[in-house]
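The residues making up each chain are set out below.
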Amino acid sequence: ISEDPSLPKAQTIKLWKKDVPLGDAAKGVKGTRVRVFGHIHRLRVQKQATFLTLKDGYGFLQCVLAAGPLTQTYEALLFAQETSLFLYGELRSVPEGATAPDGRELHVDYYEVYGRAPGDAEAITNIVASGQQDPWESDMLDKRHLVLRGDKASAVMKLRSILYEAFIMSFKDRRMAAVSPPAFVQTQVEGGSTLFRVPYYNEDAYLTQSSQLYLETCLPSMGDVYCIEKSFRAEKSLTRRHLSEYTHIEAELDAIVFDDLLVHIEDIICSVVDTVLSDPAGKELMELLHPGFVKPQRPFKRMKYAEAIDWLNAQDPPVPNEFGNPHVFGDDIAEAAERKMVDTLNVPVLLTHFPVEVKAFYMKKDASDLRVTESVDVLMPNVGEIVGGSMRMDGYDELMAAFKSKGLNPEPYYWYLDQRKYGTSPHGGYGLGLERLLAWLANQHTVRTCCLYPRFMGRAKP
Ligand code: 4AD
């Protein structure tokens, strides 16, 4: 086939462009002649015409190739799901009574196939079409690059992009500055058991677990700061919500008290959700991924750790701790118990005042009860913990004592300790796992479908 030189020159478009004048066959009105690149998403060969749905990453376009020279080429016989091609033709409104994406269809007059795809439709359809792939199955994980071509999998990634931007906008609105701390570090933040040690020239370094300590160093000169960086955790269990590499949204706020931190966290989560839903694309993706989603109500339910212990023991039957015994003050609230609680309450929970022993060295103690810290976890139904935060110890001596009691050598932390020597301040902050928030928002069973290429124990490909 060749392009008919007497036709108007085609205007190249992407499918986000919705304002292209459409033709109307019934009224004899000609539409715009366009050229569009994309992949075949669906293919239906009928007697009078071949119908294909083209996708270009921005949207879908119904395309009609009248049976005849256009459908009788060798290339047309090889059309398959994912074949990439340039299509040329006139854009028309869909006929009365019919429906198609954006109410339009392309009446193809010419095409150029760019890349063929295997005609083994079964295989690719199974992988991409439903988006209900089992994110635990290794075959699906090996084929993540193809899974990502599916409607659902790509919708989650598009929502992620909007969510990411929503954070940047929300932080900007609050006059917080973005910084970019290093990924190679020589200090730990959240305990030695999940550190990835890496050779670093002639010494050892770790991949960062959290940028918190670096954010703290910015406060005196930059005001409140945030970062959106990767954090790395050598988690040794395979769960719905643990990755070895995740996107960590962290913020640090200066000259605050604990309640300010709680209000800020609640505020930022609600602001981000509002921003996503006020974006037409975000709203559409939410309707696809999470129909019936209800925005969280402010204020969030607040619960102290000690009350949570009582709550767990008051259930019938009581929710046991990780060793199968009744919970006692000082126990870690394990993932299963935490989930049981938040799923039962079925609202976001700000869980506060964890005991000193179960939390990191840097957390400030509650002056009214020195057994506990000014700490908070945000728990979401179906996911569990999405945020961990606290006020920070701001006195030099108490911090030195904390290093000692946790068995940490303070020497590599000289720069962190200097913050307490050169004019300290009452400050606090938090970290939020982007994949966990997205799992909640997009109604995903696991964080694995909330990252492009999930990394967890035993998986570092593709
Ligand atoms: O509670 P975490 O360990 O807190 C910190 O790292 C603090 N230093 C943050 C800060 O105050 N700046 O982690 C914070 C959040 C968790 O609530 C969770 O959402 C996420 O990071 N997270 C993980 N997400 C996926 N996979 C993992 N292995 C994660 N570990 C933590």
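The present account deals with the structure reproduced in this document. (Residues numbered from 1 in each chain as written. Predicted model: local features only at pLDDT ≥ 70, side-chain atom pairs only at ≥ 80, totals over all residues. Heavy atoms only, no water.)

**Topic: the site of the ligand**
Filter applied, for reference: Whether a residue is near a molecule or strand is decided by its heavy atoms; if any one of them lies within 4 Å of it, the residue is near. Here a polar contact is recorded for every N or O atom pair within 3.5 Å, except that within protein the pair must consist of a potential hydrogen donor and a potential acceptor, and residues adjacent in sequence are included only if both atoms are side-chain atoms. Surface exposure here means Shrake-Rupley accessible area, sampled with a 1.4 Å probe, where a residue is shielded only by the protein chains that are shown. Each cavity reported here is a set of points on a 1 Å grid over the protein atoms alone in which a 1.4 Å probe fits but cannot get out, each pocket an open set with protein on both sides within 12 Å along at least five of seven lines, and each lining residue one with an atom within 4 Å of a point. Assignment to a cavity or pocket requires that more than half of a molecule's atoms be within 2 Å of the site's grid points.
The immediate surroundings of the ligand are formed by 23 residues, with Glu190, Gln212, Glu250, Glu385 and Ile386 found nearest. Contact between the ligand and Leu243: a nitrogen atom at 2.8 Å from a main-chain N or O atom of the residue. Considering the ligand on its own, with 630 Å² of exposed area, one finds that the protein chains cover 95% of that surface. A molecule is said to occupy a pocket when more than half its atoms come within 2 Å of that pocket's grid points, and by this definition the ligand occupies the largest pocket.

**Points about unusual backbone geometry**
Rule in force here: Elements are defined by DSSP. Helices are runs of H or I of four residues or more, strands are runs of E of two residues or more, and each kind is numbered from the N terminus.
Cis geometry marks the peptide bond from Arg298 to Pro299; its omega dihedral reads -10 degrees. Checked against the element boundaries, Pro299 lands in the loop between α8 (280-289) and β13 (301-304). Put simply, Lys461 and Pro462 share a cis peptide bond, and its omega is -10 degrees. Turning to its location among the elements, Pro462 is positioned in the segment after α13 (434-441). Backbone geometry places Asn346, a non-glycine residue, at a positive phi of 55 degrees. Mapped onto the elements of the fold, Asn346 is located in the loop between α10 (335-345) and β14 (349-352). One non-glycine residue, His353, lies in positive phi territory at about 60 degrees.

**Overview of the nonpolar core**
The following threshold applies: The nonpolar core is taken to be a set of buried Ala, Val, Leu, Ile, Met, Phe, Trp, Tyr and Cys residues, with the residues joined through side-chain atoms within 4.5 Å. Here's how the labels work: a residue is buried when its accessible area is under 20% of the maximum for its type, exposed when over 50%, partly exposed in between, all with a 1.4 Å probe on protein chains only. In this analysis, two residues are considered to be in contact whenever any of their non-hydrogen atoms come within 4.5 Å of each other.
Membership of the largest hydrophobic core comes to 50 residues, with the highest contact counts inside it found for Leu159, Leu163, Phe167, Phe171, Ile269 and Ile386. Per-element tally for this core: the top contributor is helix α7 (residues 258-278), with ten residues. Leave out the neighbours within four places in its chain, and Phe167 touches Ile228, Ile249, Val272, Leu432, Leu434 and Leu437. Counting 20 residues, the second largest nonpolar core, distinct from the first, contains Leu61, Leu91, Val108 and Tyr111.

**Remarks on the sheet that holds strand β8 (residues 184-185)**
To keep things clear, this is the line we draw: DSSP calls a pair of strands paired once it identifies at least 2 bridges connecting them.
The three strands are arranged β8-β10-β9 in an open sheet whose pairing can be described as antiparallel. Looking at the sheet topology across the chains shown, the edges are occupied by β8 and β9 (196-200). Here β8 pairs with strand β10 (residues 203-207) via two bridges, running antiparallel. If you follow Phe184 over to β10, its bridge partner there is Leu207.

**With respect to a nonpolar patch on the surface**
Definition in use: Patch definition: residues above 30% relative accessible area lacking any salt bridge, with like charges linked at up to 9 Å and the nonpolar side chains Val, Leu, Ile, Met, Phe, Trp and Tyr linked at up to 5 Å. Each reported salt bridge corresponds to a side-chain nitrogen of Lys or Arg within 4 Å of a carboxyl oxygen of Asp or Glu.
A contiguous nonpolar surface patch, about 290 Å² in accessible area, is contributed by Trp136, Leu238 and Met457. Counting through the fold element by element, Trp136 comes out in the loop between α2 (121-129) and α3 (138-142).

**What to know about the packing of aromatic side chains**
Keep this limit in mind: In this analysis, rings of Phe, Tyr and Trp, with Trp reduced to its six-membered ring, are considered paired at centre separations within 6.5 Å, and the interplanar angle assigns stacked below 30 degrees, edge-to-face beyond 60, and tilted for intermediate values.
Under the criterion given, the structure shown has 20 aromatic pairs. Aromatic side chains Phe171 and Tyr226 sit 4.2 Å apart centroid to centroid with 20 degrees between the ring planes, which places their arrangement in the stacked category. Of this pair, Phe171 sits in helix α5 (residues 151-173) while Tyr226 sits in strand β11 (residues 225-232), placing them 55 residues apart in sequence. Among the residues examined, Phe171 registers a relative accessible area of 0% and is labelled buried. Seen in terms of ring centroids, Tyr305 and Phe329 are 5.4 Å apart; in terms of plane orientation they differ by 85 degrees. Their pairing is edge-to-face. Taken together, the positions of Tyr305 in helix α9 (residues 305-314) and Phe329 in the loop between α9 and α10 put the pair 24 residues apart, joining distant regions of the chain. Using a relative accessible area of 1% as the deciding quantity, one classes Tyr305 as buried. Three or more aromatic residues joined by ring pairs make a cluster, and in this case those are Tyr214, Phe361, Tyr362, Phe403, Tyr413, Trp415 and Tyr416.

Interpretation in functional terms is not warranted from these geometric data alone.
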